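# Coordinate analysis (summary)
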Amino acid sequence: MEIAVIGAGYVGLTTAICLAHLGHEVRVFDLIPEKIDSLKEGSLPIFEPGLEQMLQEGIQSGKLQFFSNLPETLKGGKVTFLCVPTPQDEDGAADLSHVLSAAADCSKWLEPNSILATKSTVPVGSALRLEDSVARHDVHVVSNPEFLREGSAINDFLYPDRLVIGTRSREAAETMLQLYSQVQAPKVVTSPESSELIKYASNAFLAIKLSFANDIAALCERTGGDVSQVMHGMGLDSRIGPNFLKAGPGWGGSCFPKDTRALISISARFGLSMPIVDAALESNEKAHKRMVDTVMEQLGGSLEGKKIAVWGIAFKANTDDFRDSPALAVISRLKRRGAIVTAYDPKAKAKNDNFKRAESALEAVEGADALIVLTEWNEFQDVNAEQVRRLMAGNAILDCRSILNSAIWRKSFNNFRAVGMHA
Ligand code: UGA
């Protein structure tokens, strides 16, 4: 099938590259010509495991093409995917301006009887607004939210838990089902409103699940429980399920913080509150603070002038993305309490005045009073504990992702703590 993708960001590129991999003819448009030029050369502007190789395969097979010209991109397109950002505005609501203007720009060039499908996360009611922006009776606006996780996007696209298609048109639904015919997953065909809500409700529910795990972790730290054991025991109950229960320094990234706030904002517009989602956000702030309180306690009650090494800046492993990263939130709190922070991350290139960057995990720990692990990169597990001990000035370790082998690390560090574990 001939497909157009508007927006060569993380979602647009994953969608385009995976659809080309499935054999569709895909044309991609982006407003930034330099991005299009480097994509044409086979170079991916984001880090996502396996995606650059699939990009090159798509280009070589001729199934994947990149354009800076919108009418040319849309030529022949049976389905056009809108994959432009929906950032957060000052009130926490989703800012739809990019989506609406992209739809209006496309309107004139969309093929007759084609589909305009939104992959961008858009609030309930957006499909109707998009229909107004497009103003074409022969174009169906369909909601088709993405459920991709950074770091495992290819797998999530090709082997999803479900596909959601929101449309009232039977013909449009059939075209979308045909487009995804090779993807083996339950397919939920529903109204655009339900589809738009499925996306927000899913992200908010996952954030609530994580906040719950983090709150239980805090209780474990006080009572002698071990949060990984507690979550394992809970997750075996099939009504709860084992996934997404790993306690950490708080959740972050480009989606959960933005989407939880947007859900609260949409509900408020309809006169409703979302107390559970409010609480999840509040719990997340508390998780950041708890990490800082713990290391402060490990260092005798003050962080003033203390040298803290941080491993991990990305909001999770296997991505270079540091948007709303819990690591950055924790670093900022450390700085506010007077600590001097040196941080290392294998991929995330974040820079700000709160910390100095190190080029390796070992460089970061030189002369440090404490080490905090904030992102669960595999490479941290391979670092030799004894070597770290020799380089550090102090002996405090706080593993906020429970990735270090505590039995080994405790031999070198008698002041070792891990999230959700009693001291
Ligand atoms: C999330 C959703 O998982 C995707 O389904 C959704 O498509 C995407 O948002 C989106 O809306 O675009 P993503 O933000 O890439 O995906 O990352 P997640 O893997 O969900 O992680 C989010 C945060 O939760 C990270 O900070 C991560 O470290 C944390 N997390 C996740 C935990 O602390 N524990 C866990 O068990 C899982």
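Refer to the structure printed above.
What counts, and where the lines are drawn
- Residues numbered from 1 in each chain as written.
- Predicted model: local features only at pLDDT ≥ 70, side-chain atom pairs only at ≥ 80, totals over all residues.
- Heavy atoms only, no water.
- Helix = DSSP H or I, 4+ residues; strand = E, 2+ residues; numbered from the N terminus.
- Contact = heavy atoms within 4.5 Å.
- Polar contact = N/O pair within 3.5 Å; in protein donor to acceptor, adjacent residues only side chain to side chain.
- Near = heavy atom within 4 Å.
- Axes fitted to C-alpha atoms, helices over the stretch in contact; angles between N-to-C directions.
- Parallel < 35°, antiparallel > 145°, perpendicular 65-115°, else oblique.
- Left-handed = near helix turned anticlockwise from the far one by under 90°.
- Nonpolar A, V, L, I, M, F, W, Y, C, P; charged D, E, K, R; others polar.
- Buried < 20%, exposed > 50% of the residue type's maximum accessible area, 1.4 Å probe, protein only.
- Right-handed = clockwise from strand over helix to strand, strands pointing away.
- Pairing = 2+ DSSP bridges.
- Salt bridge = Lys/Arg side-chain N within 4 Å of Asp/Glu carboxyl O.
- 1 Å grid on protein atoms, 1.4 Å probe; cavity = no way out; pocket = protein on both sides within 12 Å on 5 of 7 lines; lining within 4 Å.
- Points joined across faces, edges and corners; volume = space filled by probe spheres on them.
- Phe/Tyr/Trp six-rings, centres within 6.5 Å; stacked < 30°, edge-to-face > 60°.

### Comments concerning the environment of R357
For R357, the position within the fold is in strand β11 (residues 355–357). When the C-alpha atoms of R357 and A343 are compared, they prove to be 5.1 Å apart, with 14 residues separating the residues in sequence. In contact with R357, not counting residues within four places along its chain, are I313, T342, A343, D345, A348, K349, A350, K351 and E363. For R357, the side chain forms a polar contact with the main-chain oxygen of A348, separated by 3.1 Å.

### A look at the site of the ligand
Near the ligand, the surroundings consist of 19 residues, among which E146, E150, K199, N203 and R401 are the closest. Take E146: an N or O atom from its side chain is 2.7 Å from an oxygen atom of the ligand. At a separation of 2.7 Å, an oxygen atom of the ligand approaches a polar backbone atom of E150. Taken together, the elements giving at least two residues each to the shell around the ligand come down to α9 (192–223) and α11 (256–269). Per-element accounting of the shell around the ligand gives the leading share, three residues, to α9.

### Observations concerning the packing of helix α1 (residues 10–21) against helix α3 (residues 51–61)
Contact pair α1 / α3: the axes reach a minimum separation of 9 Å and the direction vectors enclose 55°. Taken together, α1 and α3 sit at an angle that is classed as oblique. Of the two elements, α1 crosses α3, and the hand of that crossing is left-handed. The segment α1 lies against α3, with T14, I17, C18 and H21 engaging L51, M54 and L55. A breakdown of the residues in the contact of α1 with α3 according to their chemical character gives five nonpolar, two polar and no charged.

### Quick look at the pairing of strand β10 (residues 340–344)
With four of its five residues buried, β10 lies for the most part within the structure. In terms of handedness, the path from strand β9 (residues 307–311) via helix α13 (residues 326–336) over to β10 forms a crossover that is right-handed. In the sheet, β10 pairs with β11 via three bridges, with the strands oriented parallel. Along β11, the bridge assignment pairs T342 with K356.

### What to know about the pattern of salt bridges
For the coordinates displayed, the defined rule picks out 17 salt bridges. Of the charged contacts in the structure, one is a salt bridge between R333 and E285, with a shortest N-O distance of 3.3 Å. Linking R333 in helix α13 with E285 in helix α12 (residues 275–298), this pair joins segments that are 48 residues apart in sequence. A residue is classified by how much of its surface remains accessible, and R333, at 17% relative accessible area, is buried. Note on E285: relative accessible area 40%, which makes it partly exposed.

### Describing the sheet that holds β9
Taking strand neighbours across the sheet as the criterion, the six strands line up as β11-β10-β9-β12-β13-β14 in an open arrangement whose pairing is parallel. A strand with exactly one partner marks an edge of an open sheet, and here the two such strands are β11 and β14 (415–418). Pairs of neighbouring strands in the sheet enclose a mean axial angle of 20°, with direction left out of account. As judged from the four bridges shared by β9 and strand β12 (residues 370–373), these two strands associate in the parallel manner. Across the sheet, residue I308 finds its bridge partner in β12, namely A370.

### A word on the layout of surface pockets
Sizing a probe to match a water molecule and rolling it over the atoms shows the empty space that remains. Quantified by volume, the second largest pocket comes out at close to 310 Å³. In terms of lining residues, the second largest pocket is bounded by 15 residues, among which A218, E221, R222, R290 and T294 are the most central. Where the lining of the second largest pocket is concerned, the elements lending two or more residues are α9 and α12. Per-element tally for the lining of the second largest pocket: the top contributor is α12, with eight residues. Across the lining of the second largest pocket, the residue classes break down as three nonpolar, three polar and nine charged.

### Thoughts on the environment of D321
Structurally, D321 is set in the loop between β9 and α13. Each C-alpha atom of the pair D321 and A350 lies 8.7 Å from the other, and the pair is 29 residues apart in sequence. Only 2.7 Å separates the side chain of D321 from the side chain of R323, close enough to count as a polar contact.

### A look at the side chain of T175
By the element assignment, T175 lies in helix α8 (residues 170–179). Residue classification places T175 among the buried residues on the basis of a relative accessible area of 11%. When residues no more than four places from it in sequence are discounted, the contact partners of T175 are M1, K78, V79 and I115.

### Section: the packing of aromatic side chains
Enumeration according to the criterion identifies seven aromatic pairs in this entry. Summarising the aromatic geometry, the rings of W251 and F256 are spaced 6.3 Å apart at their centres and angled 75° between planes, so their arrangement reads as edge-to-face. Each member of the pair, W251 together with F256, is buried. Between W311 and W409, the aromatic rings sit 6.2 Å apart at their centres with planes inclined by 85°, giving edge-to-face as the arrangement. With W311 in strand β9 and W409 in helix α16 (residues 406–412), this residue pair connects regions lying 98 residues apart in the sequence.

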